[in-house]
Number of protein chains: 4
Amino acid sequence: MTVRVGVIGTGIMGADHVRTLTTSVAGVRVSAISDLDEQRAQAVAVEVPGARVLSDPLALVHDAGVDAVLVASADSTHEELVLACLEAGKPVLCEKPLAPTSDGALRIVETEVRGGRRLVSVGFMRRYDPGYVDVKAGLRDKVIGAPLMLHCVHRNGFSAPGTATSGLITGSAVHEFDVVRWLLEEEITRVTVHRPRSSSLVVGGTSDPLFVLVETTSGLLADVEVFVNAQYGYEVRCELVGEYGTLLLDEPEQVRRRSSRSRSSRVSLDWRDRFAEAYRRELQDWVSGVAAAEQRGASAWDGYAATVAATAGVAALESAGPVPVDLEKRPDLYESR
Amino acid sequence: MTVRVGVIGTGIMGADHVRTLTTSVAGVRVSAISDLDEQRAQAVAVEVPGARVLSDPLALVHDAGVDAVLVASADSTHEELVLACLEAGKPVLCEKPLAPTSDGALRIVETEVRGGRRLVSVGFMRRYDPGYVDVKAGLRDKVIGAPLMLHCVHRNGFSAPGTATSGLITGSAVHEFDVVRWLLEEEITRVTVHRPRSSSLVVGGTSDPLFVLVETTSGLLADVEVFVNAQYGYEVRCELVGEYGTLLLDEPEQVRRRSSRSRSSRVSLDWRDRFAEAYRRELQDWVSGVAAAEQRGASAWDGYAATVAATAGVAALESAGPVPVDLEKRPDLYESR
Amino acid sequence: MTVRVGVIGTGIMGADHVRTLTTSVAGVRVSAISDLDEQRAQAVAVEVPGARVLSDPLALVHDAGVDAVLVASADSTHEELVLACLEAGKPVLCEKPLAPTSDGALRIVETEVRGGRRLVSVGFMRRYDPGYVDVKAGLRDKVIGAPLMLHCVHRNGFSAPGTATSGLITGSAVHEFDVVRWLLEEEITRVTVHRPRSSSLVVGGTSDPLFVLVETTSGLLADVEVFVNAQYGYEVRCELVGEYGTLLLDEPEQVRRRSSRSRSSRVSLDWRDRFAEAYRRELQDWVSGVAAAEQRGASAWDGYAATVAATAGVAALESAGPVPVDLEKRPDLYESR
Amino acid sequence: MTVRVGVIGTGIMGADHVRTLTTSVAGVRVSAISDLDEQRAQAVAVEVPGARVLSDPLALVHDAGVDAVLVASADSTHEELVLACLEAGKPVLCEKPLAPTSDGALRIVETEVRGGRRLVSVGFMRRYDPGYVDVKAGLRDKVIGAPLMLHCVHRNGFSAPGTATSGLITGSAVHEFDVVRWLLEEEITRVTVHRPRSSSLVVGGTSDPLFVLVETTSGLLADVEVFVNAQYGYEVRCELVGEYGTLLLDEPEQVRRRSSRSRSSRVSLDWRDRFAEAYRRELQDWVSGVAAAEQRGASAWDGYAATVAATAGVAALESAGPVPVDLEKRPDLYESR
Ligand SMILES: [Mg+2]
Ligand SMILES: [Mg+2]
Ligand SMILES: [Mg+2]
Ligand SMILES: [Mg+2]
């Protein structure tokens, strides 16, 4: 009854997921942990009663004491590990990206389709954020009519040192690519990238901010400001514009302080702070789905489509105009969402 | 390692708690359920793998398969059941009120003190609401200086038919009494109740709204509007006024809709909607505390003090001026919070 | 056609009014200025083409080049000057209070009634604030049903040195007394004053903040926090609670800044900053009324009623319970508002 | 001392301006009114003491009783009337556009330069909106660092029947073109127009909404959603993104209503409602400037630059990529703003 999860990767996100699974999710325990850095894995495991540390992540995948696998290791390892899970017939939740390249993601899709059963979930946690869920509910309830435009803002306080410009697309804008697909239930057809004046506080030649335009099958236009050195904090917002109204998702704000001639509320520090509840719900839903033998959350197809859009976005960085997003035909396995 | 919880009472709150414990709380399973209405208990238990239904709540308390007890039955049963838990040496989370009368609450305190170990927690869930937690953190961080006043609003859309005026004090204002004590870490000394013009939509002679003034040891004045037939929805707000700033807790609001000449956001339907996350955190903390052999959340002393304040509030309904709140001396057992 | 206004008193408010009349109000010019400090009057007059300085305020009232008088001199002079205007048959806009004592205000009322024509307006500028006007319109349009309670907050950053506790009533709460009367179109029947814990930043024994309760003819209860050393800035708010909804007047806020982990908007510096537009509209309406031979804004009766309520409030400072507000019978002259 | 203004055009805006000048602006009177529809002019004049109706607008310009002219007639008449004012040496406030074509606007600039004195103001009223003024002040005060992007939203409830797609650029986006130039004090270099999916509620083949990208000399990128059939109301917003913070101008909102499970505030009906105070300040500043013999507000150069940008925008409607904005060299006469 209790789902035994093996976690691969104990960096910031992986360690957070172990903690959340152990302290805030029902019906699960973390039974095995693996990391390239075995000491780091040990340090995490010590807080988890009954968790073993395995040095070989593939051994973890195949371990009899592991019912399902959470992949939070380096992006370059995702494809191999997810394929191993498919081979082992085990449900897997893979942090985004499903794979760094479209080809790699497609191989996962094809392998899963051959297996005939959806086992792969991708960690697009915004689908679980109460705010995004409300926006989607509002759209479904026809309160704004047919959607026409989506304006998005995605800001981080500071990027990791050495972040390439392409990282703004593959690491940040990719969340909006998934939001566009999930919210509108259509595919992305083209991506254009503009480079506004860059912040002088950004070193090493990175273009930051970027302004990304995304078009969908029905002709909806989404625009995304990506600014990963915005200094003041982390902020994600969007406004969905419909034929007779709009839905605006803002930062949650419950407590406002009056002091020093100002009324103010706190801006999030980073995505973990902002999306803590979304991560918890994502993990709970995944675990409950594993127990119910159902794949939940973003599918392998969603992971593949996001990677293809991100790849087009990276190409668009060097292109004057729009770059098309060409997807394979969607297999029947992914018909229902 | 997994805490086995027995739940007594499967009305709206009890059934909700069973669901939350089963689907959203780590380290716990509901192993036994009891209700006066055995069919209702069965209907709830059917959703919980491994849960037995016991017809006798006292048998549930003493059952070997129950590590801790959650009491969500009728108010009049609380005292007896909590005393039974103390006798059985089992941790108990009792929905408020701890007991309907000050004497009853005091008997629980005295029994627990004799036992020498804190086992009783009271379901004042606002202590777990992220907004209230932020207000308390702001106060501690000295961002507004010493507190001077607290303005509170507590509105329900509709009261249960037949609600007596005293129910506004014992069922609603009592939450603010606990908030005042928890936030300020002082005791309440006096309560005054005013009866503003009553809503014509309220039938049966109930005075609604009420306006309640609460004074504390340090002379802080809190005022509470209690309005349980506010029609438009459920809303809880407060503003803590300090020497050089204030902290204002408003309804959470993340998505705003533009439509029909209006920008709007949704008001909560009721307290379960508004405080769903607070309940989840309360239950998680209680379960984690049980596993760690620590009492967490509001203590029996807190439950007693709230009942004494509520009793004074009810007396104040019939009094022109303030009614004193006289507490026994606080036992050492409740020194640390 | 152009109304020629004489201004008595060129302190902060008087000088502001001269500037507003000269630069932002249609159909008027300031033709005469008087102040005890003649140099101060000269300094103001120099900016106003065609304005003469008169040393005797009573001469100004009777000057042939003055069609209407604005009284912004010391409170103690109001009664004499307003009575002189009545004697001269000239419209007068008197800054609040109409008179410091109820008796003085009543003498003005009686004199005006004897004259048979409303000439006196009192400077309760909130009646012209777009926010308060919206609240009143919402009440009239029945969007919240019958009013039951009114919660008010009135904060200043700092009080003038040496402000007595009674000054919180007569200088600040008096605005809310007028708001209650104007908004609800009923009279105040009782006033109670509570002294919460005082700010340690207030010197000289002043009780600050105060908490004032006001009851009206229909049984509506209004509560007012008056805090004149709130440090962080100037803020006026209210929430009118009706049978099926509320109207909440907050500080206007149009531009929000994101910076340093915070979203913030500016709090007003003082009442002139906050109510600049209300003052402009008040003056424009008064001038237009003078041109149309109509008294507009708060009447002498309103000024009298506010003074009586303030007097009761001052008495309530030393009383444990409520102090009644006893008004004379309202003369027919003040029937229509 | 009183400026005598002649108003040409008594359509909605012209009639509003007459009313504002007469009832809310200091130091002015409307002395002459002209309209193609003489009856309409009469109906407006009847409310203005001392105003004559002239059938010939050019006669009005040259009338000895007219010190300054306000042009609010059809766009096609602007050039001729403004040139007549320059010939007569009279200050003129011309509603936007200064002229429908770049050539026409340039002729005005050249004529004014030859005259050696700035007499022309253009009615870009947003420069007087308190919100925009605050944004500009924040930028100047360095609270957000160097500006990098500007996100704009410009929505009307409904467009006039038969509005062509180009009208979204020349009638609506042109305000944002002026805002970009005024706020950033740089020129626009390129304009791109995207056509998102169109609202099905728009008839006659108009593309609505549009999404317009504007680039400036320094490389700043501004984006503008123009949506003139947004149904729900009128709304203008912007967010200026700087190197370490942002400034977000939202709709003013002072009163919030709670009712029917919703907290809501009113959306403006149209631009006159939203910008009423901006218009008043614009007119007051223009009148005060006329009295002081200074040109204030947007200059003829600003009117010309906006028309050139709008012309590029219209061309961009039919172009796949950006269209350059080529301005003449700015004459010295327009050095200071
Ligand atoms: Mg992620
Ligand atoms: Mg409770
Ligand atoms: Mg005043
Ligand atoms: Mg305009």
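Per an unreviewed UniProt entry, chain A is named Inositol 2-dehydrogenase, and its organism is Actinopolymorpha pittospori. Per UniProt, the comment on chain A under Function (unreviewed entry) is "Involved in the oxidation of myo-inositol (MI) to 2-keto-myo-inositol (2KMI or 2-inosose)." Looking at the Catalytic activity (unreviewed entry) heading of the UniProt record, one finds this comment for chain A: "myo-inositol + NAD(+) = scyllo-inosose + NADH + H(+)".

Engineer: How would you explain the overall build of chain A if you had to name every residue and give the values?
Structural biologist: A count of helices and strands for chain A gives 10 helices and 16 strands. Here chain A has a C-alpha radius of gyration of 20 Å; the compact-globule value for 337 residues is 20 Å, and the two agree. Principal axes of the C-alpha set define a box for chain A whose edges measure 55 × 55 × 45 Å. The buried share of chain A, reckoned over its 337 residues, is 64%. Contacts in chain A between residues at least 24 apart in sequence constitute 71% of all its contacts with a sequence separation of at least 6. Looking at chain A as shown, the accessible area adds up to about 12200 Å², and 51% of this sits on carbon and sulfur atoms. One finds the centroid of the 36 positive side-chain charges in chain A at a distance of 5 Å from the centroid of its 46 negative side-chain charges.

Engineer: I'd like a rundown of the sheet that holds strand β6 (residues 120-122) of chain B, residues and numbers included.
Structural biologist: Residues and elements named next belong to chain B. The mixed open sheet is built from 7 strands, whose spatial order is β3-β2-β1-β4-β5-β6-β15. Each having just a single partner strand, β3 (52-53) and β15 (298-299) make up the two edges of the open sheet. Bridging between strand β4 (residues 68-71) and strand β5 (residues 92-94) involves 3 bridges; their strand directions are parallel. Paired with Val71 across the two strands is Cys94, which belongs to β5.

Engineer: Break down the pattern of salt bridges for me, with residues and values.
Structural biologist: Under the criterion given, the structure shown has 140 salt bridges over all chains. A salt bridge links Glu277(B) to Arg280(B); the shortest N-O distance between them is 3.5 Å. Of this pair, Glu277(B) and Arg280(B) are both found in helix α9 (residues 276-291), 3 residues apart, which corresponds to roughly one turn of the helix. Here Glu277(B) falls in the buried class, since its relative accessible area comes to 18%. The residue Asp178(D) makes a salt bridge to Arg127(D) at a minimum N-O spacing of 2.8 Å. Here Asp178(D), found in helix α7 (residues 165-184), pairs with Arg127(D), found in the loop between β6 (120-122) and α6 (130-140); they are 51 residues apart in sequence, far enough to count as distant. Its relative accessible area of 11% is what places Arg127(D) among the buried residues.

Engineer: Tell me about the interface of chain D and chain A, residues and numbers included.
Structural biologist: Listed as interface residues are 37 residues of chain D and, on the opposing side, 37 residues of chain A. Interface area, chain D with chain A, both sides summed: about 2700 Å², of which 63% is carbon and sulfur. Looking at the side of chain D facing chain A, the largest losses of area belong to Leu148(D), Arg197(D) and Glu243(D), adding up to 24% of the total buried there. When the shortest N-O distance is used, the salt bridge between Glu239(D) and Arg155(A) registers 2.9 Å. Breaking the side of chain D that touches chain A down by element, the ones donating at least two residues are β7 (147-155), β9 (210-216), β10 (221-227), β11 (235-242) and β12 (245-249) of chain D. Considering each element in turn, the side of chain D that touches chain A owes the most residues, 6 residues, to β7(D). For the side of chain D that touches chain A, the class distribution of residues is 18 nonpolar, 12 polar and 7 charged.

Conventions and cut-offs
Residues numbered from 1 in each chain as written. Chains lettered and ligands numbered in written order. Predicted model: local features only at pLDDT ≥ 70, side-chain atom pairs only at ≥ 80, totals over all residues. Heavy atoms only, no water. UniProt positions renumbered as here; feature names shortened; annotations may be inferred. Helix = DSSP H or I, 4+ residues; strand = E, 2+ residues; numbered from the N terminus. Rg over C-alpha atoms; globule rule 2.2 N^0.38 Å. Buried < 20%, exposed > 50% of the residue type's maximum accessible area, 1.4 Å probe, protein only. Contact = heavy atoms within 4.5 Å. Areas by Shrake-Rupley, 256 points an atom, 1.4 Å probe, with all protein chains shown as cover. Lys, Arg positive; Asp, Glu negative; His and termini not counted. Charge placed at Lys NZ, Arg CZ, Asp CG, Glu CD. Pairing = 2+ DSSP bridges. Salt bridge = Lys/Arg side-chain N within 4 Å of Asp/Glu carboxyl O. Buried area = accessible area lost by both parts, 1.4 Å probe. Nonpolar A, V, L, I, M, F, W, Y, C, P; charged D, E, K, R; others polar.

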